[in-house]
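# Structure assessment
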Amino acid sequence: MEKNAEHTHVHRDDEGDKLGMWLFIFTELLLFGMLFLVYAVYRYRNPVAFQLGGEELDVFLGTLNTVLLLVSSATVAMSISAIQKGLKKHALVFLGITLLIAVVFLVNKYFEWGAKIEYGFYPGGEALLELGHGTILFFGLYYVMTGIHALHILIGIGLFIYVFQQIRADKIHSTDYIWLENTGLYWHLVDLIWIFLFPLFYLIH
Amino acid sequence: MSQEKPHISSYRSHVFVLAALIVLTGISVAVTTLELGRLDTLVAMLIAGAKAGIVLVWFMHLKFDNKLYTIFTVLVIVVFLLVLYVTFFDYSYR
C-alpha cells in the first residue's frame, strides 16, 4: 500500500475486497454442494426415476446454455484483460456481450421451464403428481437447483449493468477495477455451478 | 496491496481456454450416447471436474493470484468430498 504514492489519501484494499469475494464464493460452493449431496442421495435411492426424469429434459437446450455460459465466462475475463490494458471500449463491448448472453440464457430457461409447466410438470402439478415418488423428487430438485442458479444469473445481470455504467463513467478504470474483477469472479462461479448441473440433470442416464 | 503489476491474460489465452471448455462439453455430450452404464456418471463427473478446474485456474485466475485462494479452494473441495463420502458410507450400509 505504502509504495503506491498515488492514492495514499483514499482508503482502498483491493486484495481485501477480493478475499471477501472468495469467502463469499466458498459459502456459495457449499450451498450448492449440499444441494448436490441431496441430489446424489435421492438419485442413489431412486435410480430408475432419476434416469427417466433426465430423459425428459432437452439435451440440446442444455448444451446450448452450457456453451453460452462458457462463452460469457470468456468474455467477462476478456473484459477484465481489456480494462487492465486501459482499453475502455473493448471492456465495454466484452461486458455488453456477457450481459446479452446472460439474458439469452434466461430466455432459454423461460422456454424450457415453460414447456415443462405447460405439461403439468411442475412441483404440485397434476401430471407430475400422477408419477412416482422418485420422479417428483427429481423434478423438485430440478426446479430448486436450476431455479437458484437462475436467480444467480439474474443477480449477475444486475451487477453487469452496474459495472457497465461505472466503466462508462470512468469510475472503473485501468488502476481501479476491483468491482469488475469481483463481478467476473461471481460470474465464473455461476458458470462453475452450471458445469455440474448440466451433466447431472441432462446427460447422465 | 498487490506489490507487482497484476498479471494480464491475453485475449488469445482466454479464447484457448474457452475452446478447451467447449471441446470437453462436446466430449461429455458424446459420451452419454455410448451407453456406458454405471461408468456414465463417473465419466461425466470427471469431465465436469476437469472443466471446473480449468475455470478455476485460468478464468478465476487462481494460477496467477495469491496462493492462499488456491489453498482455501482445495480445502472447500476436500470438505465437500468428505461429506459426500461419509454420507454414502452411511447410506451404503443401511
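Notes on the structure follow. (Residues numbered from 1 in each chain as written. Chains lettered and ligands numbered in written order. Predicted model: local features only at pLDDT ≥ 70, side-chain atom pairs only at ≥ 80, totals over all residues.)

### A closer look at the overall build of chain A
Secondary structure assignment for chain A yields seven helices and zero strands. Its helices and strands taken in sequence order, chain A reads α-α-α-α-α-α-α from the N to the C terminus. Sequence-distant contacts in chain A: of pairs separated by 6 or more residues, those separated by 24 or more amount to 75%. (Helix = DSSP H or I, 4+ residues; strand = E, 2+ residues; numbered from the N terminus. Contact = placed C-beta atoms within 7 Å.)

### Quick word on the interface of chain B and chain A
Each partner contributes residues to the interface: chain B has 34 residues there, and chain A has 36 residues. Those elements that provide at least two residues to the side of chain B that touches chain A are α1 (11–32), α2 (39–59) and α3 (67–92) of chain B. For the side of chain B that touches chain A, the element with the most residues is α1(B), which contributes 11 residues.

### A closer look at the nonpolar core
Judged by nonpolar contacts, the single largest core of 65 residues is most densely connected at Ile83(A), Leu95(A), Ile195(A) and Leu197(A). Going through the elements one at a time, α1 (14–45), α2 (47–56), α3 (59–84), α4 (88–118), α6 (133–168) and α7 (178–203) of chain A together with α1 and α2 of chain B are the ones with two or more residues in this core. Examining the composition of this core, we find that 17 residues originate from one element, α7(A), more than from any other. Residue contacts for Leu95(A): discarding those within four places in its chain leaves Val76(A), Ser79(A), Phe160(A), Val163(A), Phe164(A) and Ile167(A). (Core = buried A, V, L, I, M, F, W, Y, C linked by C-beta atoms within 7 Å. Buried ≥ 20, exposed ≤ 12 C-beta atoms within 10 Å, placed from the backbone.)

### So, unusual backbone geometry
The backbone of Asp170(A) sits at a positive phi, close to 60°, despite the residue not being glycine. Relative to the elements of secondary structure, Asp170(A) occurs in the loop between α6 and α7. The backbone of His61(B) sits at a positive phi, close to 70°, despite the residue not being glycine. Looking at the element boundaries, His61(B) is found in the loop between α2 and α3. Judged by the 21 C-beta atoms lying within 10 Å of it, His61(B) falls in the buried class.

### Observations concerning the environment of Ser13(B)
Residue and element names in this part refer to chain B. Turning to its location among the elements, Ser-13 is positioned in helix α1. Its 15 C-beta neighbours within 10 Å are what place Ser-13 among the partly exposed residues. In this structure the C-alpha to C-alpha distance between Ser-13 and Thr-41, which are 28 residues apart in sequence, comes to 31 Å.

### Some remarks on α3(B)
Taking 1.5 Å as the rise per residue, α3(B) with 26 residues should run 38 Å; its terminal C-alpha atoms sit 37 Å apart, in good agreement. Along α3(B), only one of the 26 residues are buried, which leaves the element largely exposed. (Expected span 1.5 Å × (residues − 1).)

That is the geometry; function is a separate question.
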